[in-house]
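Secondary and tertiary structure notes
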Amino acid sequence: REPAQPMDVLNILEQSQGSREQAIKTYNGFADLVNKDKDFRVMRANNTLFAYNNNRDGSVDVAMETADNPRDLIDSIKQFAQAMKVAGFKTGKFEIDNPQIIKALKSAGLDATMQSSGTVGPDGVTPTMIGLVRVQ
């Protein structure tokens, strides 16, 4: 089975975030960070964007925006993990709002765990969850 046709980056962000306006803000924010911060990069695999910050201690903080179907998402995660391994990173940390993401990470063969950060998320109700991934 072939992955879905590649989408424009703005369309990925729009599908992931739900509005064109928010997609444009995120796109511009990513572009600004890539241009100003040598530790911030964005990688694409299929129709998933992985924005990550190199913490310079073998770890990265990651944000993921996806328009992939579940099967393609697992492939995208595998590609990102392989790139992180090649680059020498050992762990990744990211905020998640959907516990199914941990299941997808594990399906991609990664050592992934979830923990509460002890803080409340942007909605003021749901605790922020942190996913931790070890790249073997």
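Everything that follows concerns the structure shown earlier in this document.
Report follows, based on the coordinates. Each chain carries its own residue numbering, running from 1 in the written order of its sequence. It should be noted that, the model being predicted, local features are given only for residues of pLDDT at least 70 and side-chain atom pairs only at 80 or more, the latter also being counted only at that level, while totals for whole chains, interfaces and linings use all residues. Note that the side-chain values use all heavy atoms of the structure and ignore hydrogens as well as water.

1. Overview of the overall build of the protein
Rules: Every helix listed is a DSSP run of H or I at least four residues long, and every strand listed is a run of E at least two residues long, numbered separately from the N terminus. Only protein chains enter the accessibility calculation, which uses a 1.4 Å probe; a residue whose area is less than 20% of its type maximum is buried, one above 50% is exposed, and one in between is partly exposed. In this analysis, two residues are considered to be in contact whenever any of their non-hydrogen atoms come within 4.5 Å of each other. For accessible areas, the Shrake-Rupley method is used with a probe of radius 1.4 Å. Any residue's cover is judged against the shown protein chains and nothing else.
Counting its secondary structure elements, the protein contains four helices and six strands. The N-to-C order of helical and strand elements in the protein reads α-α-β-β-β-α-β-α-β-β. Per-residue burial for the protein yields a buried fraction of 35% across its 136 residues. Residue pairs at least 24 apart in sequence account for 46% of intrachain contacts in the protein once pairs closer than 6 positions are excluded. Accessible area of the protein: about 8200 Å², with a carbon and sulfur share of 51%.

2. As for the environment of Leu132
Inspection of the secondary structure assignment puts Leu132 in strand 6 (residues 127-134). A C-alpha to C-alpha distance of 5.9 Å links Leu132 and Gly92, two positions 40 residues apart in sequence. Setting aside chain neighbours within four positions, we find Leu132 in contact with Gly92, Lys93, Asp111, Ala112, Thr113 and Gln115.

3. Focus on the nonpolar core
Operational definition: Residues belong to one nonpolar core when they are buried, are Ala, Val, Leu, Ile, Met, Phe, Trp, Tyr or Cys, and are joined through side-chain atoms within 4.5 Å.
In terms of nonpolar packing, the biggest core is built from 23 residues, with Tyr52, Val62, Ile77, Phe80, Met84, Phe94 and Leu105 touching the most fellow members. Sorting the residues of this core by element identifies strand 1 (40-45), strand 2 (48-54), strand 3 (59-66), helix 3 (70-86), strand 4 (91-96) and helix 4 (100-107) as the ones contributing at least two each. With five residues, helix 3 is the largest single contributor of residues to this core. Of all hydrophobic cores here, the second largest spans nine residues; its members include Leu10, Leu13, Phe40 and Ala67.

4. Some points on the packing of helix 3 against helix 4
Quick reminder of the rule: Each axis is a line fitted through C-alpha atoms, taken for helices only over the stretch in contact, and angles between the N-to-C directions span 0 to 180 degrees. Put simply, a crossing is left-handed when the front helix is turned counterclockwise from the back one by less than a right angle, and right-handed when it is turned clockwise.
Look at helix 3 against helix 4: their axes get within 9 Å of each other, and the N-to-C directions meet at 65°. Two packed elements cross with a definite hand, and for helix 3 against helix 4 that hand is right-handed. Together, Ile74, Ile77 and Lys78 of helix 3 and Ala104, Leu105 and Ser107 of helix 4 make up the contact between the two elements.

5. Considering the pairing of strand 3
Along any regular strand, the residues point their side chains to alternate faces of the sheet. Rules: By this definition, two strands are paired if DSSP reports at least two bridges between them. With the strands pointing away from the viewer, any crossover whose connection runs clockwise from the first strand over the helix to the second is right-handed.
Here strand 2 runs beside strand 3; their pairing, made up of seven bridges, is antiparallel. Of the residues in strand 3, the one forming a bridge with Phe50 is Met64. The loop that links strand 2 with its antiparallel partner strand 3 comprises four residues; one of these, Arg56, has a positive phi angle of about 60°. Bridge count for strand 3 against strand 4 is three bridges, and the pairing is parallel. Among the inter-strand pairings, Ser59 is bridged to a residue of strand 4, identified as Thr91. Taken together, strand 3, helix 3 and strand 4 form a β-α-β motif whose crossover is right-handed.

6. Details of the packing of helix 1 (residues 9-17) against helix 2 (residues 20-36)
The condition is simple: Orientation is classified from the angle alone, with under 35 degrees giving roughly parallel, over 145 giving roughly antiparallel, 65 to 115 giving roughly perpendicular, and any other angle giving oblique. Classification convention: Asp, Glu, Lys, Arg as charged; Ala, Val, Leu, Ile, Met, Phe, Trp, Tyr, Cys, Pro as nonpolar; all other residues, Gly among them, as polar.
Contact pair helix 1 / helix 2: the axes reach a minimum separation of 8 Å and the direction vectors enclose 125°. Judged by the angle between their axes, helix 1 and helix 2 are oblique. Considering only the axes of helix 1 and helix 2, their crossing is right-handed. On helix 2, the residues touching Val9, Leu10, Asn11, Leu13, Glu14 and Gln17 of helix 1 are Arg20, Gln22, Ala23, Ile24, Thr26, Tyr27 and Phe30. Tallied by class, residues from the contact of helix 1 with helix 2 come to seven nonpolar, four polar and two charged.

7. Overview of unusual backbone geometry
Phi at Asn46 is positive, roughly 55°, even though this residue is not glycine. Counting through the fold element by element, Asn46 comes out in the loop between strand 1 and strand 2. Here the phi dihedral of Arg56 falls at roughly 60°; this positive angle occurs in a residue that is not glycine.

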